[in-house]
Amino acid sequence: MARSTRQASRHPGRGEGGRRGLFGRTQDNSSTIFLILRRMRAPLIVLIMIFAVSVLGLSLIPGRDAAGQPARMGIFDAFYFMSYTATTIGYGEIPQPFTGAQRLWVTGTIYFTVVGWAYAIGSLLTLLQDRAFRQALALQRFTRKVVRLSEPFLLIVGYGQTGQLLGRSLDALGRRFVVLDTSSGHVDSLDVDQYHADVPGLAADARDPHTLGLAGLEHPRCEGVLALTDDDEANLVVSMTAALIRPDLPVIARTTSPTIAHRMRAFGSPTVVNPFDRFGDHLRLALHAPASYQLMSWLVSGPGAALPERGQAPATGRWVMCGHGRFGQELTADLRAEGLEVTIIDLDPGAGAETDAGADTGADADTGAGADTGADANAGIIVGDASDPAVIARADLEQAVGLVAGTDNDTTNLSLIAAARKINPSLFIAARQNRPASAPLFAAVDVDWLLVPTEVMAREIYAQLSTPLLWRFLRDMLNQDDDWAAHLVDRLRRQCGSHLSRVWKVTLTGREAPALGPWLRGGDARIGDLLRSPQDRERQLDAVPLLLSRHSGESILTPGDDITVAPEDQILFAGRPAAQRHLIDTMTNDAVSEYVLRGRWVPSGWLWQRLTRRIPHSGQP
């Protein structure tokens, strides 16, 4: 019983947890009304008192009727007269012309009501400009939009450059999402971005679990959380809150701290993405398997991406690492894991802490992989300013094969690149770009390897969200040699061209492939037959199967034409848009599948199928 109670409280809409969520949402919706009543209390009381006194006085002052007899105005007539007089409409005197005393009283009340209205309107204008009131209105609109979402959506926490890149890619896929960011400027940019659907956005602190609840964490249509802020602690709180409130939701979190990543994994099993670590892994891959890196870069670049050039790895030798913060530590460890010698240049190589966005400055900053400690006496470490020519001279760049400009300052990195090329033009240059505005400058210097953390994050998360099978393929391909990757690149280029138009997944189920049911159950369904063209079955479609994921959990990379498939299997393809359309026709149209799989022409209309179903087929198209 106790266990059931705890479980009910953890899920929205059940037990006390659901009631607390609904109660909190009601409080947020009514806060705007309470704020209006509190700020407009005094002006409303003044207006009410002026109307009350004016109506009372007008009803007590005697007037005269048409016969000249004394007559008093009723309360309703007095209120009606004061209403259209105070609102400047002015129909006239009712029910008969006023006496001098009545006109004198009305003259005074007119001036009083003008003062009252001026006070009330001024207070209302002040309220409309009040920050708390505007925030309350924004929160109410945001909550209403989130509650009304009827499609599956992702909760994006942090709408910086990474969030914006992901948002555009997700919108192109038709995926809905909700944005939460501390910067009102980032949230306001949602109104400028040309999205196909309305994107709810709120400027608030994501470290507040209540705010995450308002943003849709407890919404039944929420299908995942992306923690992409430049604050590792905030991403940790988001990951922790999602794991405790919605343990069933997938979470992808960004961090540059190994310690924070360890803390995140203590709560559930989030996917933690460290752009510095990923860059090091990519550099290691490019050094010993350039074709594999070329293939990976091409597949994650998105639809229509051109085939990148296959880089040439530098000769084996010594590298110079400028900057030994978290990025420098990760990359130094990766280079040394490849058996390369690394010389470090940094003002304080033992600190290992960076002050740039996304890096912690706590005591755990020097716990990253590959952290080096010591002073100038340590082998391979030069203490000093890397931009100082005297310090650069001590690094002996003439004898080095590679340089990494990895500080957290773009100006410093650019100056390092220029100085190093003057000393050794043949150096392999890798650089880190910290700000988007510096992109034209780094493009102009034409480095061999450029790290843009936001793009690394966006591409990797996009690969995981758009096609999960693609993410599995990218992980499994690392176990293959470089010749395998080079052969696959050549095959893709021959069949799909130098611009990869589509990467898509098909699931061989009755819902997605209704025309393939008998063929799949026959036990001899082969991928090569499935890829025949509906226009000429002797010709293959311009599509390459990258991964076959069987229902049993087995995965096969680049399955051949003779590999059999079964119901519930999933296949990842890369190819041209026309090939995807033809494959869908084969999977959904009985007439097309009969021709493609068996070489038989059958009527496509229901009537002709009924008329010819008893006629034997010759087996020839």
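Rules used in this analysis
Residues numbered from 1 in each chain as written. Predicted model: local features only at pLDDT ≥ 70, side-chain atom pairs only at ≥ 80, totals over all residues. Heavy atoms only, no water. Buried < 20%, exposed > 50% of the residue type's maximum accessible area, 1.4 Å probe, protein only. Helix = DSSP H or I, 4+ residues; strand = E, 2+ residues; numbered from the N terminus. Pairing = 2+ DSSP bridges. Right-handed = clockwise from strand over helix to strand, strands pointing away. Phe/Tyr/Trp six-rings, centres within 6.5 Å; stacked < 30°, edge-to-face > 60°. Axes fitted to C-alpha atoms, helices over the stretch in contact; angles between N-to-C directions. Contact = heavy atoms within 4.5 Å. Parallel < 35°, antiparallel > 145°, perpendicular 65-115°, else oblique. Nonpolar A, V, L, I, M, F, W, Y, C, P; charged D, E, K, R; others polar. Expected span 1.5 Å × (residues − 1). Polar contact = N/O pair within 3.5 Å; in protein donor to acceptor, adjacent residues only side chain to side chain.

### Side note on the pairing of strand β7 (residues 251-254)
Move 1: Burial along β7 is two-sided: the face carrying Val 251 and Ala 253 and the face carrying Ile 252 and Arg 254 are both buried.
Move 2: The pairing of strand β6 (residues 222-227) with β7 spans 3 bridges and is parallel. Across the sheet, residue Ala 227 finds its bridge partner in β7, namely Ala 253.
Move 3: Taking the sense of rotation as the criterion, the β-α-β connection linking β6, helix α10 (residues 232-245) and β7 turns out right-handed.
Move 4: Pairing analysis gives 3 bridges linking β7 to strand β8 (residues 271-273), with the strands arranged parallel. Along β8, the bridge assignment pairs Arg 254 with Val 273.
Move 5: The parallel pair β7 and β8 is bridged by helix α11 (residues 258-265), and the resulting crossover is right-handed.

### A few points about the packing of aromatic side chains
Move 1: Under the defined criterion, the tally for this structure stands at 11 aromatic pairs.
Move 2: Grouped by ring-pair contacts, the aromatic residues Phe 276, Phe 279, Tyr 293, Phe 327 and Trp 449 constitute a single cluster.

### Comments concerning the sheet that holds strand β5 (residues 201-203)
One key point about sheets: their strands pair by backbone hydrogen bonds, in either a parallel or an antiparallel sense.
Move 1: The strand order across the open sheet formed by 6 strands is β5-β4-β3-β6-β7-β8, and the pairing between neighbours is parallel. Single-partner strands in this sheet number two, and they are β5 and β8. Neighbour-to-neighbour, the strand axes of this sheet turn through a mean angle of 15 degrees, independent of strand direction.
Move 2: Contacts from helix α18 (residues 453-466) reach β3 (153-157), β6, β7 and β8, with the element oriented near 155 degrees to β8.

### Quick word on the sheet that holds strand β17 (residues 502-507)
Move 1: Strand order across the open sheet formed by 4 strands is β17-β20-β18-β19, with antiparallel pairing between neighbours. Sheet topology places β17 and β19 (555-557) at the edges, where each strand pairs with a single neighbour. The average angle at which neighbouring strand axes cross in this sheet is 25 degrees, direction not considered.
Move 2: Along the sheet, helix α23 (residues 577-588) contacts β17, β18 (543-549) and β20 (570-575); its crossing angle with β17, the most-contacted strand, is approximately 10 degrees.

### A closer look at the packing of helix α3 (residues 41-60) against helix α5 (residues 100-128)
Move 1: Running from N to C, α3 and α5 point in directions that differ by 170 degrees, and their axes come no closer than 9 Å. Considering their axes alone, α3 and α5 lie roughly antiparallel with respect to each other. Residue-level contacts link Ala 42, Pro 43, Val 46, Leu 47, Ile 50, Phe 51, Val 53, Ser 54, Gly 57 and Leu 58 of α3 to Gln 102, Trp 105, Val 106, Thr 109, Phe 112, Thr 113, Gly 116, Trp 117, Tyr 119, Ala 120 and Ser 123 of α5.
Move 2: Residue composition of the contact of α3 with α5, grouped by class: 14 nonpolar, 7 polar and no charged.

### Focus: α10
Move 1: Taking 1.5 Å of rise per residue, the 14 residues of α10 would be expected to cover 20 Å, and the 20 Å separating its terminal C-alpha atoms lies within 8% of that figure.
Move 2: Within α10, 10 of the 14 residues are buried, leaving the element largely enclosed by the surrounding structure.
Move 3: Where α10 is concerned, the buried positions are Asp 232, Ala 234, Asn 235, Leu 236, Val 237, Val 238, Ser 239, Thr 241, Ala 242 and Ala 243.
Move 4: Measuring from the backbone nitrogen of Glu 233 back to the side-chain oxygen at the start of α10 gives 3.0 Å, which picks out Asp 231 as the cap.

### Here we look at unusual backbone geometry
Move 1: In the Ramachandran plot, Thr 88 falls in the positive-phi region, its phi being about 65 degrees despite a non-glycine side chain.
Move 2: Structurally, Thr 88 can be placed in the loop between α4 (75-86) and α5.
Move 3: For Asp 396, which is not glycine, the phi torsion reads 55 degrees and is therefore positive.
Move 4: In this fold, Asp 396 is placed in the loop between α15 (389-394) and β13 (400-405).

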